[in-house]
Amino acid sequence: MKWKSFIAAGRQCAAGLPDFAPGEKGKAVYLSGGDSLKDRLPQLEQALEGEMGKTLFPFVLIAVTPKSWEEEFSPWAAPALSRKTPAFTGGGSEYLRDLAGPILQECEERLPLLPGRENRALAGYSLAGLSTLYALYQTEAFSALASVSGSLWFEGFLDYMEKTVPRCRDTRVYLSLGNKEEKSRHPLMRQVGDNTRRAIAVLEAQLIAPCTLEWNEGGHFDGVSERLCKAIRWMMEKK
């Protein structure tokens, strides 16, 4: 892949472009959380590039860096998890409006991307995974979503899911979680396993498209690149 960096809607973006033939275009896989993914992008490239055009549709990988994780990936304001971490300020709706608006527009003008929501997917890890699932209820821009080790412990989020109608019922959704993540000592984060199981049940009732929950070995910080690769394969696999 060739990497191109640019600014869109005030946020740093990095796009990995396959070796397309002249005039060829691909699908788009947007990754929220580009700052934390910077060191992992080469690993994702190495793992997935050889599969494009074979088992996977050709796609452009686009990492988008938020201005602040606690601001732009939280759906609403919430207290900090500890005295050492910032509070959540609830800018998630604004981030998704920018992502589905000026950021998407800038990417489609700059990059060889196929138009239309059927050619756009969104993935995120941890709090960015929560933001990705929140996108189901906030925007119609993406046809596939992947919440990888998503922070579904976030207070009130499962109640919000149950009470809110997805913007598009034909959106495909992938969830994954490490089998040790629910063993956290933090009383709130300990709910992530039960909340993820509850989330897949809600999604199965709300959506007409396939949704999947995959369990991985390990805790929250184990095998991050491998988990993201699994999610991207699920979204980009030729059907």
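Residues numbered from 1 in each chain as written. Predicted model: local features only at pLDDT ≥ 70, side-chain atom pairs only at ≥ 80, totals over all residues. Heavy atoms only, no water.

Trainee: Describe the sheet that holds strand S3 (residues 27-32), listing the residues and the values that go with them.
Mentor: The strand order across the open sheet formed by 8 strands is S1-S2-S4-S3-S7-S8-S9-S10, and the pairing between neighbours is mixed. In this open sheet, the two strands that pair with only one neighbour each are strand S1 (2-8) and strand S10 (211-216). Neighbour-to-neighbour, the strand axes of the sheet open up by a mean angle of 20°, direction not taken into account. Pairing between strand S8 (residues 144-148) and strand S9 (residues 172-178): 5 bridges, direction parallel. Note that in S9 the partner of Val-148 across the bridge is Ser-176. Of the strands in this sheet, S1, strand S2 (11-17), S3 and strand S4 (59-64) are in contact with helix H2 (residues 41-48), which crosses S4 at around 165°. Across the sheet, helix H4 (residues 92-110) lies against S1, S2, S3, S4 and strand S7 (120-125), angled at about 130° from S1, the strand it touches most. (Pairing = 2+ DSSP bridges. Helix = DSSP H or I, 4+ residues; strand = E, 2+ residues; numbered from the N terminus. Axes fitted to C-alpha atoms, helices over the stretch in contact; angles between N-to-C directions. Contact = heavy atoms within 4.5 Å.)

Trainee: I'd like to hear about unusual backbone geometry, residue by residue, with values.
Mentor: Look at Ser-126: it is not a glycine, yet its phi comes out positive at around 65°. Among the secondary structure elements, Ser-126 is positioned in the loop between S7 and helix H5 (127-134). For Ser-126, a relative accessible area of 18% corresponds to the buried category. (Buried < 20%, exposed > 50% of the residue type's maximum accessible area, 1.4 Å probe, protein only.)

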